[in-house]
Amino acid sequence: MASTQATARDSIRGVITDPDARELLRAAARNNAEWCGAVSRSGHFRRTVWCSPRRTPPLYPDAVTLTPTASAADVLAGVDTTAPGCSVKDSFASLDLAPAGFEVLFDAQWIHRPAGAAAPSGGRLEWDEVEGPGELAAWEAAWSDGESGGTGLFHPGLVRQGIVFLAGRDGERIAAGAVLSTGGGAVGVSNVFGRTGADTDEAWAAALDAAARDRPDLPVVGYEHGEGLEAAVRAGFTPIGPLRVWLQRHTP
């Protein structure tokens, strides 16, 4: 019991001592970086960081660290900091970017569920996979609750790359959804949403069911905070380590 409590405390502080957890964290960071690169259609991988030299779309970072040894210099060398707005996903909550004009936007937790572990089935929605640009635009409008303005943040090339957009339909309306992206030796779950709390819980279950069906050999990872983290835990995910997102408010 004492060992388990110590591991939990270390995870919260960002000191990951369990070797399996360290590998899962690296897989989660790599998976997320590949997803960010696919959405952004930019960026490249270096040894310790994925980075984009040009500004990425809204809500997506300009850099994602891949190892706990990534330094602030590694990150800053690959992004545009000439004007405010650069964002960095500090995957191991280990950087200090304040001297470069960054502030912490939010803290979150990486999450994990074992390979092949499906969630309990059932629910009120009909689930399918989005196909074609029109359906993808409708999915994005439901995900953003109409706030994206049809900007095409999620471009049709994502579906052609094998990224799965799950839609939970209440009649003709998309009431819930999630994204599954395979990469880095894991299946990543992201952009989970629902019009109600019950719909959100159903979206997590649908994502796990799809992952267990399509890639039963791979662990399922993602990151969440706040109510999203609570919903993920209800779905059977375990928090495995902290991450931090930084936003450059001003240039030094």
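Scroll up to find the structure.
Here's what I pulled together on the structure shown here. Since we're looking at a predicted model, the values are computed, not measured.

What to know about the pairing of strand β11 (residues 238-248)
- In terms of burial, β11 is a largely internal element, eight of the 11 residues being buried.
- As defined by bridge partners, strand β4 (residues 87-90) adjoins β11 across four bridges and the pair is classed as antiparallel. Directly across from D90, in β11, lies its bridge partner R244.
- Examined bridge by bridge, strand β5 (residues 102-113) and β11 share 10 bridges and lie antiparallel to one another. Within β11, the residue paired with I111 across the bridge is P239.

Thoughts on the side chain of D90
- Take D90: it is sitting in strand β4.
- Of the side chains with opposite charge, R244 lies nearest to the buried D90, which makes no salt bridge, at 4.9 Å.
- Of note is the side chain of D90, whose polar atom sits 3.1 Å from the backbone nitrogen of S94.
- Those residues in contact with D90, other than ones at most four positions away along the chain, are T65, L95, L243, R244 and W246.

So, the environment of R113
- Following the sequence through the fold, R113 ends up in strand β5.
- The class of R113 is buried, set by a relative accessible area of 12%.
- C-alpha separation for the pair R113 and T238, spaced 125 residues apart in sequence, amounts to 6.5 Å.
- Each residue touching R113, except ones within four places of it in the same chain, is listed here: A118, A119, L208, P219, V220, A235, G236 and F237.
- Here the side chain of R113 touches A117 through a polar contact of 2.5 Å, landing on its backbone oxygen.

A word on the packing of aromatic side chains
- Evaluation of the coordinates by the stated rule reveals 12 aromatic pairs.
- On the basis of an interplanar angle of 85 degrees and a centroid distance of 6.5 Å, the ring pair of Y60 and F154 is categorised as edge-to-face. Of this pair, Y60 sits in the loop between β2 (49-51) and β3 (63-65) while F154 is found in the loop between α4 (132-143) and α5 (157-160), placing the two residues 94 residues apart along the sequence.
- For F154, a relative accessible area of 3% puts it in the buried group.
- Taken together, the aromatic side chains of W35, Y60, W139, W143, F154, F165 and F193 make up a single cluster linked through ring pairs.
- Over the aromatic face of F45 sits the side chain of R30, whose NZ or CZ is 3.7 Å from the ring centroid.

Scoring rules and cut-offs
- Residues numbered from 1 in each chain as written.
- Predicted model: local features only at pLDDT ≥ 70, side-chain atom pairs only at ≥ 80, totals over all residues.
- Heavy atoms only, no water.
- Buried < 20%, exposed > 50% of the residue type's maximum accessible area, 1.4 Å probe, protein only.
- Helix = DSSP H or I, 4+ residues; strand = E, 2+ residues; numbered from the N terminus.
- Pairing = 2+ DSSP bridges.
- Lys, Arg positive; Asp, Glu negative; His and termini not counted.
- Salt bridge = Lys/Arg side-chain N within 4 Å of Asp/Glu carboxyl O.
- Polar contact = N/O pair within 3.5 Å; in protein donor to acceptor, adjacent residues only side chain to side chain.
- Contact = heavy atoms within 4.5 Å.
- Phe/Tyr/Trp six-rings, centres within 6.5 Å; stacked < 30°, edge-to-face > 60°.
- Lys NZ or Arg CZ within 6 Å of the ring centre and 35° of its normal.

Nothing here speaks to function; it is geometry throughout.
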